[in-house]
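Understanding the architecture of this molecule
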Amino acid sequence: MKLSVGAGAVLVALVLISCGRGEAGRPAANASGGSPDRTAAGVAPQESAPVPQEYGGLTFSTWEKEGKAVDPRFSFPSPAQTPGPGFVPWTGTVSHHFLTDPLIDAWFREIKARREVRHFVILSPSHFGLSTRDYSVADGRWECAAGSYVYTNREMSAQVCAALGVGYDNQVFPDEHGVSTLMPYIRRYFPDADVVAVAIDGEPPVHIDYCEKLYKAIAPFFDEAGKDENFLLVSTDFSHHGTPEQTAYKDGISQTFFDSPSRKNFIAAVCDNRPSVYVMARLFGPDVRTCILFHTNSFQISGMDADDITSYFFSLFG
């Protein structure tokens, strides 16, 4: 039996703020505009990483493979914060809405400037109700540009499956933008990295036993040594389906988590992936440092759908 998070007036209000599932904005299949020059930013194109021998996983597509680009009319903010000296990130929250392309790119570029990553552990919401298990784990590769791929780390993924008591649930991932949106950036900035991709039920009500089981499956990869080579990527978007006023209110609640990130107040993150925020918060030490690179929303970027806004916190913790 799953035990729900305890009640209380504030908590009930937070849990009732539901996070919808759907891609904000309308990406255009147009190769021009929207993104900064990656090479000019200091990252040269990379050769394809070697293909693992006897690789038997499925192949999933990405927006880059399909030749999509954001609408060139969209506008994007400058960084709200930049990390201070000595900041080495090992986890953070990033949007999976492709209309935020330049911001996702800048988030990965900031990580690249501060460290290398061998393995990305990606925790995504399971959109569209496709999961057949409590936790869906991928065994596949994601095709990016020019026949290049990001591969599953099958050894680590098998460990996660064993800890969660599930098998692979690959039918989720052809349509799971919470994972596929991010793969071209991993390929661009960390061409030798591989991934462990897990899709979970991120919607309220939030059950602590569900979150704790996920934490126990992920925690072995994030001891002090693990943080040196692994990165915990929390794929999540925040306030959904609101007006500007409603979005600002819910983002104010989310800000309290970033101001004081801990296991005790993870529920304040009004997003579509609270179990993964729980995992991240469970791993924080007392000296955790926070940087919010960008805080914006779909209406500010696109000027469209003022009554159906999704908001974004691009954060890093180190």
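To keep things clear, this report deals only with the structure shown in the data block. In this text the structure is predicted, and so the values were computed from the model without any measurement.

This paragraph deals with the overall build of the protein chain. Scanning the protein chain from terminus to terminus reveals 10 helices and 10 strands. In the protein chain, which comprises 318 residues, the share counted as buried stands at 56%. Put simply, 84% of the contacts in the protein chain that link residues at least 6 apart link residues at least 24 apart. Here the protein chain has roughly 13000 Å² of accessible surface; of this, 52% comes from carbon and sulfur atoms.

Another point: the nonpolar core. Core analysis: the biggest nonpolar cluster contains 45 residues, and L214, I218, L232 and F257 have the highest contact counts within it. With residues up to four places along the chain from it excluded, the contact list for L214 reads L123, Y135, L164, V198, I200, P275, S276 and V279. Grouped together as the second largest cluster of nonpolar side chains are 43 residues, F60, F74, F108 and L182 included.

What follows covers the packing of helix α3 (residues 154-164) against helix α6 (residues 208-218). In the contact formed by α3 and α6, the axes pass within 9 Å of each other and the chain directions differ by 145°. Regarding α3 and α6, the two cross each other, and that crossing is right-handed. Counted together, V160, A163 and L164 of α3 and K213, L214, A217 and I218 of α6 form the full contact between these two elements. The residue inventory of the contact of α3 with α6, partitioned by class, reads 6 nonpolar, no polar and 1 charged.

A word on the sheet that holds strand β6 (residues 149-151). Strand pairing within a sheet occurs via backbone hydrogen bonds; the two strands may be parallel or antiparallel. Strand order across the open sheet formed by 3 strands is β1-β5-β6, with mixed pairing between neighbours. Unpaired on one side and paired on the other, β1 (58-60) and β6 mark the two borders of the sheet. Within this sheet the neighbouring strands show an average axis-to-axis angle of 25°, counted without direction. In the sheet, β1 pairs with strand β5 (residues 140-143) via 3 bridges, with the strands oriented parallel. Bridging from a neighbouring strand, F60 pairs with W142 of β5.

What follows deals with helix α2 (residues 101-114). Helix length check: α2 (14 residues) gives 21 Å between terminal C-alpha atoms against 20 Å at 1.5 Å per residue, within 8%. Among the 14 residues in α2, 10 count as buried, and that is most of the element. When we look at burial in α2, the residues that qualify are D101, P102, L103, I104, D105, A106, W107, F108, E110 and I111.

Glancing now at the packing of aromatic side chains. Geometry of an aromatic ring pair is reported as the spacing of the ring centres plus the angle between the planes. Counting across every chain of the model gives 23 aromatic pairs. Seen from their ring centres, W107 and F108 are 5.0 Å apart, and the 85° between their planes marks the pair as edge-to-face. Accessibility expressed as a relative area gives 0% for W107, which makes it buried. Ring centres of F258 and F317 lie 6.2 Å apart, and the angle between their planes is 10°; this geometry places the pair in the stacked category. Pair noted here: F258 is in helix α8 (residues 244-259) and F317 is in strand β10 (residues 311-317), with a separation of 59 residues, a long-range link. This pair shows no difference in class: F258 is buried, exactly as F317 is. Among the aromatic residues, those joined into a cluster by ring pairs are W63, F98, W107, F108, F120, Y185, F190 and F231. For the cation-ring pair, K227 lies above W90, with the distance from its terminal atom to the ring centre recorded as 4.1 Å.

All told, the structure shown has 13 salt bridges when counted by the stated rule. Between E143 and K65 there is a salt bridge, with its nearest N and O atoms 3.4 Å apart. Here K65 lies in the loop between β1 and β2 (91-94) and E143 lies in strand β5, a separation of 78 residues in the sequence. A salt bridge links D71 to R73, with the nearest nitrogen and oxygen atoms 2.6 Å apart. Linked through salt bridges whose partners overlap, the residues forming this network are E64, D105, R109 and R188.

Counting through the fold element by element, P72 comes out in the loop between β1 and β2. Spatially, the C-alpha atom of P72 lies 9.8 Å from that of S302, the residues being 230 residues apart in sequence.

Another aspect to go through is the side chain of N230. With respect to the helices, strands and loops of the structure, N230 is situated in strand β8 (residues 230-235). For N230, a relative accessible area of 3% puts it in the buried group. Setting aside residues no more than four positions away along its own chain, N230 makes contact with W90, R115, V117, H119, M156, F221 and F222.

Turning our eyes to something else, we now look at the packing of α6 against helix α9 (residues 274-283). For the pair α6 and α9, the least separation of the axes is 9 Å and the interaxial angle reads 55°. As the angle between them shows, α6 and α9 are arranged oblique. For the pair α6 and α9, the crossing hand works out as right-handed. Mapping the contact onto sequence places I208, Y210, C211, E212, L214, Y215 and I218 in α6 and P275, S276, Y278, V279, R282 and L283 in α9.

Here the focus is the environment of V277. Relative to the helices and strands, V277 resides in helix α9. For V277, a relative accessible area of 1% corresponds to the buried category. Separated by 43 residues in sequence, V277 and V234 have C-alpha atoms that sit 7.1 Å apart. If sequence neighbours within four positions are ignored, V277 has contacts with V234, F257, F266, A269 and C271.

About the criteria used
Residues numbered from 1 in each chain as written. Predicted model: local features only at pLDDT ≥ 70, side-chain atom pairs only at ≥ 80, totals over all residues. Heavy atoms only, no water. Helix = DSSP H or I, 4+ residues; strand = E, 2+ residues; numbered from the N terminus. Buried < 20%, exposed > 50% of the residue type's maximum accessible area, 1.4 Å probe, protein only. Contact = heavy atoms within 4.5 Å. Areas by Shrake-Rupley, 256 points an atom, 1.4 Å probe, with all protein chains shown as cover. Core = buried A, V, L, I, M, F, W, Y, C linked by side-chain atoms within 4.5 Å. Axes fitted to C-alpha atoms, helices over the stretch in contact; angles between N-to-C directions. Left-handed = near helix turned anticlockwise from the far one by under 90°. Nonpolar A, V, L, I, M, F, W, Y, C, P; charged D, E, K, R; others polar. Pairing = 2+ DSSP bridges. Expected span 1.5 Å × (residues − 1). Phe/Tyr/Trp six-rings, centres within 6.5 Å; stacked < 30°, edge-to-face > 60°. Lys NZ or Arg CZ within 6 Å of the ring centre and 35° of its normal. Salt bridge = Lys/Arg side-chain N within 4 Å of Asp/Glu carboxyl O. Parallel < 35°, antiparallel > 145°, perpendicular 65-115°, else oblique.

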